[in-house]
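Coordinate analysis (summary)
Listed here are the chains, written in short residue letters.
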Amino acid sequence: MKKNILMGLCLGILLVVPNVVLAGCTDLGGFTSFSVTGNTVTLYSGTRPFVKFDVRCDVQVQPKSRLQLIKSYVCDGDEVLVDGVKCTILNLTSL
């Protein structure tokens, strides 16, 4: 019985830990401009791209949209304001 509980606990840890370790998190506070391709937003620091992420929201993200951070250090699943509407950040990747 103890062996089954221990095996179940180890399996649960193995399933949870990769999601925590692989979650994309970065500081977006230094971006100066952005570009939009479909639902993918690329943030630039000067002329150099430094992070890319997808957004899921009810508004259409366009190159002239207003992008506003709710907080500067974000992870997958956090939110950003696009034209005043909260959008979820997905697939956050540092470049």
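Before any of the text, the structure's been laid out above.
Please read all numbers here as calculations on a predicted model, not as lab measurements.

1. Topic: the nonpolar core
In this structure, L28, V41, L43, F53, V55 and V80 are the most contacted members of the largest nonpolar core, which totals 16 residues. For this core, the secondary structure elements donating two or more residues are β3 (40–45), β4 (48–56), β7 (79–82) and β8 (85–94). With four residues, β4 is the largest single contributor of residues to this core. Each residue touching L28, except ones within four places of it in the same chain, is listed here: L43, F50, V51, F53, L69, S72 and V74.

2. Quick word on the state of the cysteines
Scanning the model with the defined rule gives two disulfides in all. Here C25 pairs with C75 through a disulfide, and the sulfurs are 1.9 Å apart. Handedness of the C25-C75 disulfide follows from its S-S torsion of about 110°: it is right-handed. Separated by 50 residues along the polypeptide, C25 in strand β1 (residues 25–27) and C75 in strand β6 (residues 73–75) bring together distant segments of the chain. Among the residues examined, C25 registers a relative accessible area of 32% and is labelled partly exposed. The side chain of C57 participates in a disulfide bridge whose partner is C87; the two sulfur atoms lie 2.4 Å from each other. One quick way to see it: the torsion about the S-S bond of C57 and C87 is about 75°, and its sign makes the bridge right-handed. One end of the pair, C57, is in the loop between β4 and β5 (67–69); the other, C87, is in strand β8, with 30 residues separating them in the sequence. Note on C57: relative accessible area 24%, which makes it partly exposed.

Criteria and cut-off values
Residues numbered from 1 in each chain as written. Predicted model: local features only at pLDDT ≥ 70, side-chain atom pairs only at ≥ 80, totals over all residues. Heavy atoms only, no water. Core = buried A, V, L, I, M, F, W, Y, C linked by side-chain atoms within 4.5 Å. Buried < 20%, exposed > 50% of the residue type's maximum accessible area, 1.4 Å probe, protein only. Helix = DSSP H or I, 4+ residues; strand = E, 2+ residues; numbered from the N terminus. Contact = heavy atoms within 4.5 Å. Disulfide = S-S within 2.5 Å.

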